[in-house]
Amino acid sequence: MSIVWLIMLGVLLGITVAGASYVAPTLPQYIREMDVIKQWGISKATLIRRRKEGLPFVRIGAYICYKPDDLVAEFCQPRSWKANTAEGKEGNNND
């Protein structure tokens, strides 16, 4: 019985001395894809296209998850509805 306690004490001391150098990603740090679809009103196809274009994501088990900061940076930019006009292009003068 005392050997078991010594082993447990040694393990606890080893964990305490070693510290927690690795923190596994948890779901509160990330938003699941299905939650993004429901809360942000973004289609799954849009998320897939953006992932292919470079939107960072993480797989946690079977879930595809996103950092909230990455979503804000990707989707909360003001849209410019005006395309590049003829000002910068040559040969498109309508004079």
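Scroll up a little and you will see the structure.
Residues numbered from 1 in each chain as written. Predicted model: local features only at pLDDT ≥ 70, side-chain atom pairs only at ≥ 80, totals over all residues. Heavy atoms only, no water.

## Some points on the overall build of the protein
Turning to step 1, where the next piece is worked out: From N to C terminus, the protein includes four helices and three strands.
Turning to step 2, where the next piece is worked out: Helices and strands appear in the protein in the N-to-C order α-β-α-α-β-β-α.
Turning to step 3, where the next piece is worked out: A burial count over the protein gives 15% of its 95 residues as buried.
Turning to step 4, where the next piece is worked out: Taking all contacts inside the protein whose residues are at least 6 apart in sequence as the whole, residues at least 24 apart take part in 56%.
Turning to step 5, where the next piece is worked out: With the model as given, the accessible surface of the protein reaches about 8200 Å², and the carbon-plus-sulfur share is 58%. (Helix = DSSP H or I, 4+ residues; strand = E, 2+ residues; numbered from the N terminus. Buried < 20%, exposed > 50% of the residue type's maximum accessible area, 1.4 Å probe, protein only. Contact = heavy atoms within 4.5 Å. Areas by Shrake-Rupley, 256 points an atom, 1.4 Å probe, with all protein chains shown as cover.)

## What about the pairing of strand E3 (residues 63-66)?
Turning to step 1, where the next piece is worked out: Where strand E1 (residues 31-32) and E3 come together, two bridges link them in antiparallel fashion. Across the sheet, isoleucine 31 pairs through a bridge with tyrosine 66, a residue of E3.
Turning to step 2, where the next piece is worked out: Connecting strand E2 (residues 58-60) to the antiparallel partner E3 that follows it, the hairpin turn spans two residues, and glycine 61 within it adopts a positive phi of roughly 65°. (Pairing = 2+ DSSP bridges.)

## A word on the environment of isoleucine 37
Turning to step 1, where the next piece is worked out: For isoleucine 37, the position within the fold is in helix H2 (residues 33-40).
Turning to step 2, where the next piece is worked out: Separated by 10 residues in the primary sequence, isoleucine 37 and leucine 47 place their C-alpha atoms 8.5 Å from one another.

## A closer look at the pattern of salt bridges
Turning to step 1, where the next piece is worked out: Considering all chains together, one arrives at four salt bridges under this definition.
Turning to step 2, where the next piece is worked out: With a shortest N-O distance of 3.3 Å, arginine 32 and aspartate 35 are connected by a salt bridge.
Turning to step 3, where the next piece is worked out: The class for arginine 32 is partly exposed, based on a relative accessible area of 26%.
Turning to step 4, where the next piece is worked out: One salt bridge in this structure joins glutamate 33 and arginine 51, with 2.8 Å as the shortest N-O distance. Of this pair, glutamate 33 sits in helix H2 while arginine 51 sits in helix H3 (residues 44-52); the two residues are 18 residues apart in sequence, bridging distant segments of the chain. Of the two residues examined, glutamate 33 and arginine 51, each falls in the buried class.
Turning to step 5, where the next piece is worked out: Beyond isolated ion pairs, a larger network of salt bridges with shared partners links Arg50, Glu53 and Glu74. (Salt bridge = Lys/Arg side-chain N within 4 Å of Asp/Glu carboxyl O.)

## Re the sheet that holds E1
Turning to step 1, where the next piece is worked out: If you trace the three strands from one edge of the open sheet to the other, you get E1-E3-E2, paired in antiparallel fashion. The two strands at the open ends of the sheet, each matched to only one other strand, are E1 and E2.

## Quick look at the packing of H2 against H3
Turning to step 1, where the next piece is worked out: Two elements in contact, H2 and H3, have axes whose closest approach is 10 Å; the angle formed by their N-to-C orientations is 120°. It follows that H2 is oblique to H3 by the angle criterion. Where H2 crosses over H3, the two elements pack in a sense that is right-handed. Seen from H2, the contacting residues are Glu33, Val36 and Ile37; seen from H3, they are Lys44, Leu47 and Arg51. (Axes fitted to C-alpha atoms, helices over the stretch in contact; angles between N-to-C directions. Parallel < 35°, antiparallel > 145°, perpendicular 65-115°, else oblique. Left-handed = near helix turned anticlockwise from the far one by under 90°.)

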